[in-house]
Amino acid sequence: MNYLGKIRARSVQTSAGDANNPSGISRAPKRVLVTGGAGFLGSHLCETLLAAGHQVICLDNFSTGMRRNIVHLKRVDRFNVVAHDIVQPLNLEVDEIYNLACPASPPHYQADPIHTTKTCVLGSLNLLELAARTGARILQASTSEVYGDPNVHPQVESYWGNVNSFGPRSCYDEGKRCAETLFFDFHKTHGVEIKIIRIFNTYGPRMRPDDGRVVSNFIVQALTGQDITIYGDGSQTRSFCFVDDLIGGMVRMMASPSSLTGPVNLGNPGEFTIRELAEQVIGLTGSRSQIIHRALPVDDPRQRRPDISLAIQELDWRPKIDLSSGLRQTIDYFDGLLTRPARELEAV
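Residues take numbers from 1 onward in each chain, read along the sequence in its written order. With pLDDT at 70 or above as the cut-off, local features in this predicted model cover only qualifying residues; side-chain atom pairs require 80 or more to be listed or tallied, and sums for whole chains, interfaces and linings still use all residues. Each side-chain value is derived from all of the structure's non-hydrogen atoms; neither hydrogens nor water enter the calculation.

Asks: Can you explain unusual backbone geometry? Please cite residues and give values.
Replies: A negative phi angle characterises most non-glycine residues, just as the trans form characterises most peptide bonds. Cis peptide bonds are those with omega within 30 degrees of zero, and the linkage from His 153 to Pro 154 qualifies with -10°. On the secondary structure map, Pro 154 appears in the loop between β5 (137-143) and α5 (170-190). Of note, the bond from Gly 262 into Pro 263 is cis; its omega dihedral lies within 30 degrees of zero at 5°. Mapped onto the elements, Pro 263 comes out in the loop between α7 (243-255) and β11 (264-266). One non-glycine residue, Phe 62, lies in positive phi territory at about 60°. The helix and strand labels rest on DSSP assignments: H or I over at least four residues marks a helix, E over at least two residues marks a strand, and numbering proceeds from the N terminus.

Right under this line is the structure:
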């Protein structure tokens with residue numbers, strides 16, 4: 001089935017849901033702005049919102065977002081693409097705003113740390129002012145990085161974190177923390193309807209091959225026969241959420257009662273060591289890659305696992321896709337991507 005067919009199929013499934021609306025998406029058509037809409041998460045969100053019948057404005061500066069992620073959506077007349085950087089003010093008429101605009105992998109957000117901070121802070125300020133003017137509900141895609149290298153495990157929303165304010169990851173960690181502050185101040189001062197989610201490690205199709213995060217790194221290395229690089233001894237842990245599960249939680253949060261502002265953790269509480277992940281990838285790809293070790297980066301968290309009790313209670317949400325199933329889908333995506341001619345990728 002082609003991508004347009006998938007959108008239509010999702011639309012039928014959404015409209016055929018039971019009275020409790022298990023999709024979590026509002027059935028009343030809305031004009032929805034998705035910033036960072038050409039990125040890994042943003043493109044999946046745009047697809048899901050279109051399937052629900054909404055008009056979607058995909059806004060991206062294409063610094064890390066990829067046009068190939070959304071090329072199939074351009075055939076839908078309710079989909080519009082705007083090339084724009086949210087560091088600059090914008091003026092649109094919208095009902096809902098999902099703010100996903102920010103590089104999320106360390107190599108990308110550290111490449112221009114000042115602009116990363118601007119994206120988090122000035123970008124959030126511009127979008128909150130837009131929400132205040134239009135009366136739009138706005139969701140901030142915050143991050144588990146606000147917990148830093150946590151001293152509380154698993155991480156609960158009430159934990160204030162252990163963050164280095166001037167390390168190599170600080171532009172992202174502190175930028176996202178400041179964005180949360182702005183969201184709550186606009187809510188208290190201007191009555192803006194806000195939603196804040198804290199996203200834990202998410203993976204799946206449409207990650208960039210050069211993303212720099214552990215799942216994409218391991219898969220690309222395994223498929224291309226390179227050594228698989230583990231930083232540190234591999235005993236550090238992460239929790240991996242498949243993209244479809246994450247997007248489901250995100251739209252449920254947007255559709256939740258206005259009294260639920262968040263923050264709400266969204267992630268898969270299954271916890272794996274980095275070495276266990278590498279071994280799974282090697283097994284699923286049939287690769288002969290060897291595992292090698294490099295020095296652990298500065299401020300790299302030792303352990304990361306979400307407490308999702310609040311999401312279960314308030315959103316009736318929990319992830320359904322286990323790691324091996326999600327990895328198979330992600331491996332299939334990268335296998336197809338890496339075998340496509342370069343000229344074909346450049347064309348989209």
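That was the structure; now back to the text.
Asks: Outline the environment of Phe 240, supporting the account with residue identities and numerical values.
Replies: Among the structural elements, Phe 240 can be located in the loop between β9 (237-238) and β10 (241-242). In this structure, the C-alpha to C-alpha distance between Phe 240 and Val 215, residues 25 residues apart in sequence, is 8.8 Å.

Asks: Go over helix α2 (residues 40-51), please, and point to the residues and values.
Replies: Each α-helix turn comprises 3.6 residues. Residues three or four places apart therefore point the same way. Here the expected span of a helix is defined as 1.5 Å times the quantity of residues minus one. The terminal C-alpha atoms of α2 lie 17 Å apart, and with 12 residues this matches the ideal 16 Å at 1.5 Å per residue to within 8%. Judged by how many residues are buried, α2 sits mostly within the fold: 12 of 12 residues are covered. The classification of residues rests on relative accessible area computed with a 1.4 Å probe and restricted to protein chains. Under 20% of the type maximum is buried, over 50% is exposed, and intermediate values are partly exposed. Those residues of α2 that fall on the buried side of the exposure criterion are Phe 40, Leu 41, Gly 42, Ser 43, His 44, Leu 45, Cys 46, Glu 47, Thr 48, Leu 49, Leu 50 and Ala 51. After α2 finishes, the residue Gly 53 shows a positive phi value of roughly 95°.

Asks: Run through the pattern of salt bridges, naming residues and quoting values.
Replies: Any carboxyl oxygen of Asp or Glu within 4 Å of a side-chain nitrogen of Lys or Arg constitutes a salt bridge here. This model, assessed by the stated rule, comprises 15 salt bridges. Two residues, Glu 193 and Arg 137, come together in a salt bridge whose shortest N-O distance is 2.6 Å. Taken together, the positions of Glu 193 in the loop between α5 and β6 (194-199) and Arg 137 in strand β5 put the pair 56 residues apart, joining distant regions of the chain. We classify Arg 137 as buried; its relative accessible area is 16%. In this structure, Arg 169 engages Asp 300 in a salt bridge whose closest nitrogen and oxygen atoms are separated by 3.7 Å. You can see Arg 169 sitting in the loop between β5 and α5 and its partner Asp 300 sitting in the loop between β13 (291-294) and α9 (309-315), a full 131 residues away along the chain. Just as Arg 169 is buried, Asp 300 falls in that class too. Ionic contacts of the salt-bridge type, sharing partners, join the residues Glu 145, Arg 169, Arg 238, Asp 300 and Arg 304 into one network.

Remember, this is a structural readout, not a statement about activity or role.
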